[in-house]
Amino acid sequence: MWDMKEFAEAAGATVDELGAYVDDSQHGVPPVLRRRPPRELADKLGLARWIREGGMTPEAYRHFLRDYLDEGTRLHHPAYLGHQTAAPYFPAALADFVHGAINNPMAIYEMGASAATVEFEVLRWMLATVGFGETGGGVLTHGGSLANLTALLAARAHVAPDAWTDGVPGDLVLLAPPSAHYSVTRAAAILGMGEKAVLPLDVDGLGRIDVAALPAALDRARRLGRRVMAVVAGACATSSGLYDDLRGIGEVCARHGVWLHVDGAHGASALLSERHRHLLDGIELADSVIWDAHKMLRTAGLAAAVLTRRESDLDAAFRQQASYLFYGDQGFDLVGRTVECTKAGLGLKIFLNLAWLGEKGMGDFVARQYDTAHRFWELGRDRPGFDFPYEPETNIVCFRYGTADQAAVRERLMDDGSFHLTSAEIGGVRHLRVTVMAPATDDTTLEALLTKIAEA
Ligand SMILES: *Cc1c(COP(=O)(O)O)cnc(C)c1O
């Protein structure tokens, strides 16, 4: 059993150390990351000895945690401009702590009534925000990749209802822009269609779906005797941060009776910002949408929503008995809508952030991050040697400096721990890529980055 004194001491040490860690990080104490080799790190942390001998105490744990944090990557750091992973807000962190202690796998209502009810209310809010309203269905799942798989499973059930029992017909195809996240191609492979069943849509020079060419692509598939299971659109694309024209695509799909799946893993959160909502105009025309909370809703990984316009579509995905009555006397079991059997109470971390900030506050955060990335573009385009292929729409910006090997520039900055950034291909050319995730990133950070890149 828990020794309450020991628990309180260890938890107190956690709060102290995390507090100092986040505070240092937010103030930009370098480095933003360390890259110590794993063998050396295992020694430094004494991992093998702890595993063999045990005996950790709150005091020893405090020192262990300090080293552990120090050797990791600081997402709260202003110079963290890397992958699209949130610098979590503390209410969401508290929710992870609570889940870690109570472990209510709430996909079955009897295993966590409060966790299940919180998830359900969060989903109702997300469905309303997307424009699916009362007739939509949803579930939270462990990440966007699983969410894409689940949504495409619903699309498959819609087009080929017997695939679940009889196997996958060979004529199904998925139409997606080459810029689609790799989890889409993976989903096709996992669903038994094969990667080759993902046909690339025509795109413009920046990787956005060419809406005018979409009807011809649908006709082409038909002439080849293939059935289009879904068209996948990006909101936004992972690499560029640019949104596809959802209304244009949605109207073509509706005319052709084709399922539209919108991958809003990163960019659906812009629905909360009045100034940015227009980027997702037409999202309500989609049949399914995914939306990650651990990107722009400031929770830790993983928490993603699968949302369908018609609730029955989601229930059909796994061929489960359709709708348990929400708010019926027995509650509701979400297990019929997920790959997972034991599922964490993911709703609480989204809920607590909202409870602290409200949807307006959350929207202001998204707007602030998008605006900061736009500032980077404004600051950078006037500097000699920098080339920005487009004006950013989100908190993701791609650019090149000079004719140097861009990946080598990135390595240089990562090695000295000054900045964490990524790279991406735009129009087949390698670019540096900045994603503004931390609330601490400001103009000073961005000016310093531009200077540093030019030096490197
Ligand atoms: C991040 C991302 C995913 C994958 O989500 P995970 O939560 O990392 O599994 C899918 N699609 C897009 C557009 C993304 O940005």
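Conventions and cut-offs
Residues numbered from 1 in each chain as written. Predicted model: local features only at pLDDT ≥ 70, side-chain atom pairs only at ≥ 80, totals over all residues. Heavy atoms only, no water. UniProt positions renumbered as here; feature names shortened; annotations may be inferred. Helix = DSSP H or I, 4+ residues; strand = E, 2+ residues; numbered from the N terminus. Rg over C-alpha atoms; globule rule 2.2 N^0.38 Å. Buried < 20%, exposed > 50% of the residue type's maximum accessible area, 1.4 Å probe, protein only. Contact = heavy atoms within 4.5 Å. Areas by Shrake-Rupley, 256 points an atom, 1.4 Å probe, with all protein chains shown as cover. Lys, Arg positive; Asp, Glu negative; His and termini not counted. Charge placed at Lys NZ, Arg CZ, Asp CG, Glu CD. Pairing = 2+ DSSP bridges. Axes fitted to C-alpha atoms, helices over the stretch in contact; angles between N-to-C directions. Polar contact = N/O pair within 3.5 Å; in protein donor to acceptor, adjacent residues only side chain to side chain. Near = heavy atom within 4 Å. Nonpolar A, V, L, I, M, F, W, Y, C, P; charged D, E, K, R; others polar. Parallel < 35°, antiparallel > 145°, perpendicular 65-115°, else oblique. Left-handed = near helix turned anticlockwise from the far one by under 90°. Core = buried A, V, L, I, M, F, W, Y, C linked by side-chain atoms within 4.5 Å. Phe/Tyr/Trp six-rings, centres within 6.5 Å; stacked < 30°, edge-to-face > 60°. Lys NZ or Arg CZ within 6 Å of the ring centre and 35° of its normal.

Per an unreviewed UniProt entry, the recorded name for the chain is L-2,4-diaminobutyrate decarboxylase, and the organism is Planotetraspora thailandica. Per UniProt, the chain has the following entry under Sequence similarities (unreviewed entry): "Belongs to the group II decarboxylase family."

1. Regarding the overall build of the chain
Helices and strands together make up the secondary structure of the chain, namely 16 helices and 12 strands. For the chain, whose C-alpha radius of gyration is 23 Å, the value lies close to the compact-globule estimate of 23 Å for 456 residues. Split into buried and exposed, the 456 residues of the chain put 50% on the buried side. Of all intrachain contacts in the chain linking residues separated by at least 6 positions in sequence, the fraction that spans at least 24 positions is 73%. On the chain, roughly 20100 Å² of surface is accessible, and the fraction owed to carbon and sulfur atoms is 54%. With 44 positive and 59 negative side-chain charges, the chain shows a spacing of 4 Å between the two charge centroids.

2. Some remarks on the sheet that holds strand S8 (residues 304-308)
Read across the open sheet, the 7 strands follow the order S2-S8-S7-S6-S5-S3-S4; overall the sheet is mixed. Of all the strands in the sheet, the pair left with one neighbour each is strand S2 (137-141) and strand S4 (198-200). Averaged over all adjacent pairs, the angle separating strand axes in this sheet is 20 degrees, with direction ignored. Strand direction decides the pairing type here: S2 and S8, joined by 5 bridges, are antiparallel. Looking across to S8, one finds that Thr141 is bridged to Ala304. Where helix H7 (residues 144-159) meets the sheet, its contacts fall on S2, strand S3 (172-176), strand S5 (227-234), strand S6 (260-263), strand S7 (288-292) and S8, and the angle it forms with S5 comes to roughly 150 degrees.

3. A look at the UniProt feature "modified residue: N6-(pyridoxal phosphate)lysine" (unreviewed entry) in the chain
Listed under "modified residue: N6-(pyridoxal phosphate)lysine" (unreviewed entry) in the UniProt record, and renumbered for this structure, are Lys295. For Lys295, the position within the fold is in helix H12 (residues 293-296). In contact with Lys295, not counting residues within four places along its chain, are Gln84, Ala86, Ala265, His266 and Met437. A distance of 3.3 Å separates a polar atom in the side chain of Lys295 from a polar atom in the side chain of Asp292.

4. Looking at the site of the ligand
Around the ligand sit 15 residues in total, of which Gly144, Ser145, Asp263, His294 and Lys295 are the nearest. Between the ligand and Gly144, the relevant distance is 2.7 Å, taken from an oxygen atom to a main-chain nitrogen or oxygen of the residue. Among the elements of the structure, H7 and H12 are those that each provide at least two residues to the shell around the ligand. The biggest single contributor to the shell around the ligand is H7, with 3 residues. Looking at the shell around the ligand residue by residue, the class counts come to 2 nonpolar, 10 polar and 3 charged.

5. Looking at the environment of His278
Within the element layout of this structure, His278 appears in the loop between S6 and S7. His278 sits in the exposed class, given a relative accessible area of 53%. In this structure, the C-alpha to C-alpha distance between His278 and Arg35, residues 243 residues apart in sequence, is 41 Å.

6. A closer look at the packing of helix H1 (residues 4-26) against helix H4 (residues 58-70)
Two elements in contact, H1 and H4, have axes whose closest approach is 9 Å; the angle formed by their N-to-C orientations is 25 degrees. Looking at the two axes, H1 sits roughly parallel to H4. Crossing of H1 against H4: the hand is right-handed. Where H1 abuts H4, its residues Glu6, Glu9, Ala10, Ala13, Thr14, Asp16, Glu17, Leu18 and Tyr21 lie against Pro58, Tyr61, Arg62, Leu65, Arg66 and Leu69. Taken together, the residues that form the contact of H1 with H4 break down as 8 nonpolar, 1 polar and 6 charged.

7. Considerations on the nonpolar core
Counting residues in each nonpolar core, the largest one holds 83 residues, and the members touching the most others are Met126, Val231, Ile249, Trp291, Leu307, Phe376 and Phe399. By residue number, the principal contributor to this core is helix H14 (residues 347-381), which donates 10 residues. Look past the residues within four positions of Phe376 in its chain and what remains in contact with it is Phe388, Val397, Phe399, Val434, Leu446, Leu449 and Leu450. The next biggest cluster of nonpolar side chains, apart from the first, holds 23 residues, and it includes Leu152, Leu153, Ala160 and Leu174.

8. Details of the pairing of strand S10 (residues 396-401)
Extensive coverage of S10 is indicated by the burial of 5 of its 6 residues. Sheet analysis places strand S9 (residues 386-387) next to S10, joined by 2 bridges and oriented antiparallel. Residue Phe386 lies in a different strand from S10, and its bridge partner there is Tyr401. Across 4 bridges, S10 lies against strand S12 (residues 429-435) in antiparallel orientation. When the bridges of S12 are listed, Phe399 appears paired with Leu432.

9. Brief notes about the packing of aromatic side chains
The description of an aromatic ring pair rests on the distance of the ring centres and on the angle between the ring planes. In total, this model carries 12 aromatic pairs according to the counting rule given. Taking the centre distance of 5.8 Å and the plane angle of 40 degrees together, the rings of Trp125 and Trp291 count as tilted. Taken as a pair, Trp125 in helix H6 (residues 113-130) and Trp291 in strand S7 lie far apart in primary sequence, 166 residues in all. Joined through ring pairs, the aromatic side chains of Phe376, Phe386, Phe388, Phe399 and Tyr401 make up one cluster. In this structure, Arg298 is placed above the aromatic ring of Tyr89, and the distance from its NZ or CZ to the ring centre is 4.4 Å. Positioned above the aromatic ring of Trp377 is the side chain of Arg381, whose terminal nitrogen or guanidinium carbon lies 4.1 Å from the ring centre.

10. Describing the sheet that holds S9
With mixed pairing, 5 strands are arranged side by side in an open sheet as S1-S11-S12-S10-S9. This sheet does not close on itself; its edge strands, each paired only once, are strand S1 (80-81) and S9. Along the sheet, H14 contacts S9, S10 and S12; its crossing angle with S10, the most-contacted strand, is approximately 20 degrees.

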